[in-house]
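Working through the structure, step by step
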2 protein chains.
Amino acid sequence: MSGFVRGPLAPSTGAQWPLSIDDVEIHGGPFGRWQRINREHSIPLGLEQMERSGAVPNLRLAAGEGEGTFQGYRFQDSDLYKQLEAVAWEQCRLPGDAYPAFIAESAALLARAQRPDGYLNSHYQMVKPDLIYQELEYSHEMYCAGHLFQAAVAAARAGCGEELLAVARRFADHLVQRFLRDGDDGIDGHPEVETALVELYRLTRERSYLELAAKLIDNRGKGLIADKGMGPLYAQDHLPVREAGTAVGHAVRQLYLEAGIVDVYLETGDESLLECSVRRWEDLVATKTAITGGHGSRHDGEAFGERYELPPDRSYNESCAAIASIHWNWRLLLATGHGRYADLIERTLYNAFAASTSADGTRFFYVNPLQRRADLFEDAYLGRRREWFACACCPPNIMRLISSLGHYVATADAEGLSVHQYMPGTIRAGGVTLDVETDYPWDGRVRFTVRETPGGAWTLKLRIPAWSPPGALTPDDNGYTRIRRDWEPGETFTIDLDLTPRLVLPHRRIDALRGCAAIERGPLVYCFEQIDQEAGLDDLALVPGTRLRAVERDLPGVGRTVLIEAEAVRLPPAPPGEPPYAATTATTATTASGDLRDHAPATATAVPYYQWDNRDGGLMRVWIPLV
Amino acid sequence: MSGFVRGPLAPSTGAQWPLSIDDVEIHGGPFGRWQRINREHSIPLGLEQMERSGAVPNLRLAAGEGEGTFQGYRFQDSDLYKQLEAVAWEQCRLPGDAYPAFIAESAALLARAQRPDGYLNSHYQMVKPDLIYQELEYSHEMYCAGHLFQAAVAAARAGCGEELLAVARRFADHLVQRFLRDGDDGIDGHPEVETALVELYRLTRERSYLELAAKLIDNRGKGLIADKGMGPLYAQDHLPVREAGTAVGHAVRQLYLEAGIVDVYLETGDESLLECSVRRWEDLVATKTAITGGHGSRHDGEAFGERYELPPDRSYNESCAAIASIHWNWRLLLATGHGRYADLIERTLYNAFAASTSADGTRFFYVNPLQRRADLFEDAYLGRRREWFACACCPPNIMRLISSLGHYVATADAEGLSVHQYMPGTIRAGGVTLDVETDYPWDGRVRFTVRETPGGAWTLKLRIPAWSPPGALTPDDNGYTRIRRDWEPGETFTIDLDLTPRLVLPHRRIDALRGCAAIERGPLVYCFEQIDQEAGLDDLALVPGTRLRAVERDLPGVGRTVLIEAEAVRLPPAPPGEPPYAATTATTATTASGDLRDHAPATATAVPYYQWDNRDGGLMRVWIPLV
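Values in this document were obtained by computation on a predicted structure and should not be read as measured data.

**Topic: the relation of the copies chain A and chain B**
- Superposing chain A onto chain B requires a rotation of 180 degrees together with a translation of 0.0 Å along the rotation axis, leaving an RMSD of 0.0 Å. What we have between these two chains is a two-fold relation.
- In this assembly, 100% of the residues forming the interface of chain A have copies in chain B that are likewise at the interface, indicating an isologous arrangement.

**Thoughts on the interface of chain A and chain B**
- With 80 residues of chain A at the contact, the number on the chain B side is 80 residues.
- When chain A packs against chain B, the two sides together hide about 6400 Å² of surface, and 52% of this comes from carbon and sulfur.
- Connecting chain A to chain B are 12 salt bridges.
- There are 28 residue pairs in polar contact (both at pLDDT 80 or more) connecting chain A and chain B.

**Focus: the pairing of strand 6 (residues 425-429) of chain A**
All names here are of chain A.
- Most of strand 6 is tucked away: 4 of the 5 residues are buried.
- Note: strand 2 (residues 24-26) against strand 6, 3 bridges, orientation antiparallel. If you follow Glu 25 over to strand 6, its bridge partner there is Thr 426.
- Bridge analysis of strand 6 against strand 7 (residues 432-438) gives 5 bridges, and the strand direction is antiparallel. When the sheet's bridge partners are listed, Thr 426 is paired in strand 7 with Asp 435.
- Taking the residues between adjacent antiparallel strands as the criterion, strand 6 and strand 7 are bridged by 2 residues, where Gly 430 takes a positive phi near 55 degrees.

**What about the sheet that holds strand 2 (residues 24-26) of chain B?**
Residue and element names in this part refer to chain B.
- Reading across from one edge, 2-6-7-8-11 is the order of the 5 strands in this open sheet, with antiparallel pairing throughout. The open sheet terminates on both sides in strands that have one partner only, identified here as strand 2 and strand 11 (492-496). In this sheet, adjacent strand axes meet at a mean angle of 15 degrees when their direction is disregarded.

**Concerning the packing of aromatic side chains**
Residues and elements named next belong to chain B.
- Tallying each qualifying case throughout the model produces 38 aromatic pairs over all chains.
- Between Tyr 350 and Tyr 440, the aromatic rings sit 6.0 Å apart at their centres with planes inclined by 85 degrees, giving edge-to-face as the arrangement. Here Tyr 350 is found in helix 14 (residues 339-353), whereas its partner Tyr 440 is found in the loop between strand 7 (432-438) and strand 8 (445-452), with 90 residues between them in sequence.
- Measuring from ring centre to ring centre gives 5.2 Å for Phe 365 and Trp 612, while their planes differ by 20 degrees; the resulting arrangement is stacked.

**A few points about the environment of Ala 322 of chain B**
Residue and element names in this part refer to chain B.
- By secondary structure assignment, the location of Ala 322 is in helix 13 (residues 319-336).
- With 29 residues separating them along the chain, Ala 322 and Gly 293 place their C-alpha atoms 7.2 Å apart.
- The residues touching Ala 322, leaving out its near neighbours within four places in the chain, are Thr 348, Ala 352 and Phe 353.

Conventions we followed
- Along each chain, the written sequence defines residue order, and numbers are assigned to residues from 1.
- Note on labels: chains are lettered from A, ligands numbered from 1, in written order.
- In keeping with the model being predicted, local features are shown solely for residues with a pLDDT of at least 70 and side-chain atom pairs are shown and tallied solely at 80 or more, while totals for entire chains, interfaces and linings include all residues.
- Only hydrogens and water are set aside; all other atoms, that is, all heavy atoms of the structure, feed into the side-chain values.
- Overlaid copies result from least-squares superposition on C-alpha atoms, with residues included only where pLDDT is at least 70 in both.
- The contact criterion used is simple: two residues touch if any of their non-hydrogen atoms lie within 4.5 Å.
- Buried area is calculated as the accessible area (1.4 Å probe) missing from two parts once they are joined, with the contributions of both summed.
- When a carboxyl oxygen of Asp or Glu is within 4 Å of a side-chain nitrogen of Lys or Arg, the pair counts as a salt bridge.
- In protein, a polar contact means a hydrogen-donor-capable atom and an acceptor-capable atom, both N or O and within 3.5 Å, with residues adjacent in sequence counting only if both atoms are side-chain atoms; elsewhere, any N or O pair within 3.5 Å suffices.
- Between buried and exposed lies partly exposed: a residue is buried under 20% and exposed over 50% of the maximum accessible area for its type, with that area taken using a 1.4 Å probe on protein chains only.
- Helix and strand definitions here come from DSSP, where helices need a minimum of 4 consecutive H or I residues and strands a minimum of 2 consecutive E residues; each element is numbered from the N-terminal end.
- A pair of strands is considered paired only if DSSP assigns at least 2 bridges between the two.
- Working convention: axes come from line fits to C-alpha atoms, limited for helices to the stretch in contact. Angles between N-to-C directions cover 0 to 180 degrees.
- Aromatic rings from Phe, Tyr and Trp, taking only the six-membered ring of Trp, are treated as a pair when their centres fall within 6.5 Å; an angle between ring planes under 30 degrees marks them as stacked, one over 60 as edge-to-face, and anything in between as tilted.

Here it is in structure tokens:
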């Protein structure tokens, strides 16, 4: 079955089988809307940037065409590769004339830029030809190769990738020759090529690609990359992957590495790989994951912090880390069939990932903190979404995930069909056509109608989210409710997920969130923006056990939403110059400002986190103090 | 009077007049001990590193002597300059044969390395001769010059600096020619030369040095330095100094800049400079200063954060920032006579600064966080003090402050003598010899005995620390108790500062410390190290309003100390895999682990923060949760 998947992942084993992008249509809801905006606004903006940012001009230089000098970072090529992948999945999802032409043109340029021996990297070819493969610790040469391979796989599966695939294979063969056959033990400082090589293997059945991926993973943690001042944890080179117990260093690197590890497991059956990845997943989810699903607690090194180091204000939560996390969790879900991975995909999709892009699809966050403070007035970098970045890894990465989103909604197995994410639309698999009607995430009712069925009994498995309170639907050990029937065309099944807003408290070990609460409703994490408050946001504190009232709204700049109103008190503003620390003998006060109770009642109003920063640049916080 | 000061600062105006280093002997206590260890262990280690780290070999290369290539950072010369300054103050404090010889040898080498036109920087002379003054935004050329000037002033005031001063003046004249006379408006990305130029002016009376310092300060915030990716705040180039309202960017840069601003005010009387610096001081102390006096909340950019952004675990609190803060506060104290600056010097000296060095004087912290977490086992960089650093700005900076510490203890004015810091020893000023006997900071009694007096009435002013509870000693508006008498030789006066331990709460706006308390006793901030606890440190929570019991101890590795025992509860350890966030409707719980009261009583034991990390590499926290 997997050989026919038109989507990012087509493993040859696994508990669940992925579907093609065009087997899942999303007809509405936030993600249907986003797919439309991605096509109409984001992708055109990205294509424009391929010229302006230097990505395409650099390759022209490498091809001996055009004039000028290399622009941007050494990994500038990867922007084009991710943009190509986005366009290819878009072509797969909803064919358009312009896309195959762009892919063909780009492939032809890449073919001209590529060295006869298969090597391809415009930066090293133009700027540092003597240092090719000589500074792998930060060169991103294999990282860029990986994104090329993924773009080629996407184009091939979209039916317009012959020339791009040829370019990719020549480069892959060049890597195989040097790093597998000739015995060079080098590894790239930035993992990404591993998961890409496995997918290229899945497409081409060229086994050396898989073998190289496995070797690169096995070579990690042996000190084979030089330490360029960031320390060995930065690039996950401190311990072999089977020994490392916790996610460390640069978050995107760790997460792409994990995707590759599960990919190699899926093709080789090496259980030790799945086991170590699951071990780190459990640790990561319990101790190093933001409530939004975001990963990376530190700006310094764009890195994971230590266990329970989860600051709201200075968390990094890079948009690319959210994407890499979804990639990894998708592989774990396919490998094991366990809904906890789909739960985390949902949390990440609706929060850490969805916040990356403005409501109009034209501005992006690189960093997704859980709090924005007041003092930005002296800062030229206002902490708001921007149209593009000098280091533009995130925008095209966001676009490729949105274009391929249909792939992540449902799976099949020998028993039937599993639905992991609830979006209105149509799912086709194994002769079944299933319509999904829902106003999720605003409403908890999801109605499934079997439009076509091959006959005979099969099981419809529906994920019961971990946030869902115990109710009529009892999930199995994997977190799914199972409906096995001789389905008839036209037959329906409806679930009602309880979207009562939830007041959420942090683990006592998360020092940065002590004494605070957050609000969730269904899959959505909420935040408080200054613009919605009747007092200074930093002077509001929630009443413990507050009732939470959901209110539907259509907000200018934001669009449709459900706000949540909570009972709060309004504290007197802190006078300037008040001492920051004060001695006490009181047995009730917990701040230098004294007891916070007995203040004027107020309402605090929360908006879904993913919709923040679409109005002004004011204060925001996900975690708000309790009185 | 100021012309005769043998010490770092000799302003020609000001409310208080500084004393010479050798007018204040420190006979014991933590700082007397540290001065001895600094001389016996730290300085010899530093001198050894001048060869090993490349600082001296680089200058040999620039002088056309020796072989090899440039080693280290572009500001490597500054390590030698700070080391020279430490040695010069040491010579001033307690003359020794080896010191003048090292200074003379170094000065001769510098003279040979210096270009005929006066320019001197081994990195730019050897590595980038074409880029001299072409990349001021990060070249550190004037920064290094500043440290040279300070070393030369120190050597001159110690009576062994003729040749070094000649080198310094040639370089200073070269800077004056280019950046004052020839109209180059360049400023250094790293302020430091400003305060140094003013002191060189004070020593030499060459007014162009002062004029250049004033011009460099006036040129800040006009966008004259290129932004090399760190943003204009990083180097305080976002706003003119008279407009900037809050400390921003790289902390050490901001703080050295402030020292220079107050220095220029002291020599020119430009009140707008004092005013803007005081305005930022008030903001800084209220919103951006750690309880230890540490500055810099972010690793990223070694920078100040936003207001109330004061994380305990990821605070930076660079040792050099503590030193720069003491420099700035000393200038404000001399300018205004206000004890609040001496209060902050005390807080910084005993905590943020004193923690920088191990009890044996051979290992140093670059970063001084207020919490060390558990997960260091996978990290090769263990977060412990180290013998030296690739970027070794801190160790010789620490040494020069300790060698010159006598300068910061007391001042004179027209009325008499002011004592700002309480250390056992002898103070000489204006014909008065004053003995100070005290076991401070372990004991609060300080006895002053007038050994010599010129006759007639004069005032003894004694700082009443802000932490001191209201008592018999009523401070004046500047925070000093004043004893005006016709002092007789042998006459004594005793103060008793109340060292009852204090439970301290953070301002409610400091999100990262919510729900926590810290302990102070006298000038000492305390911390909890795992080694002193009867349970896991992360499972202890203090009882609000706890009694605090002081216990004298002599701890192996630490030496003499006073521990503090507090009433706590022992919480059940968090089981691995426990969810990090959980919904609740409870009106009492504030963590996902439920209500924390009703657990087994326990004792939590605190040790002075400056003495931490002298035993093992275990957990530490200054701020501990309240139940």
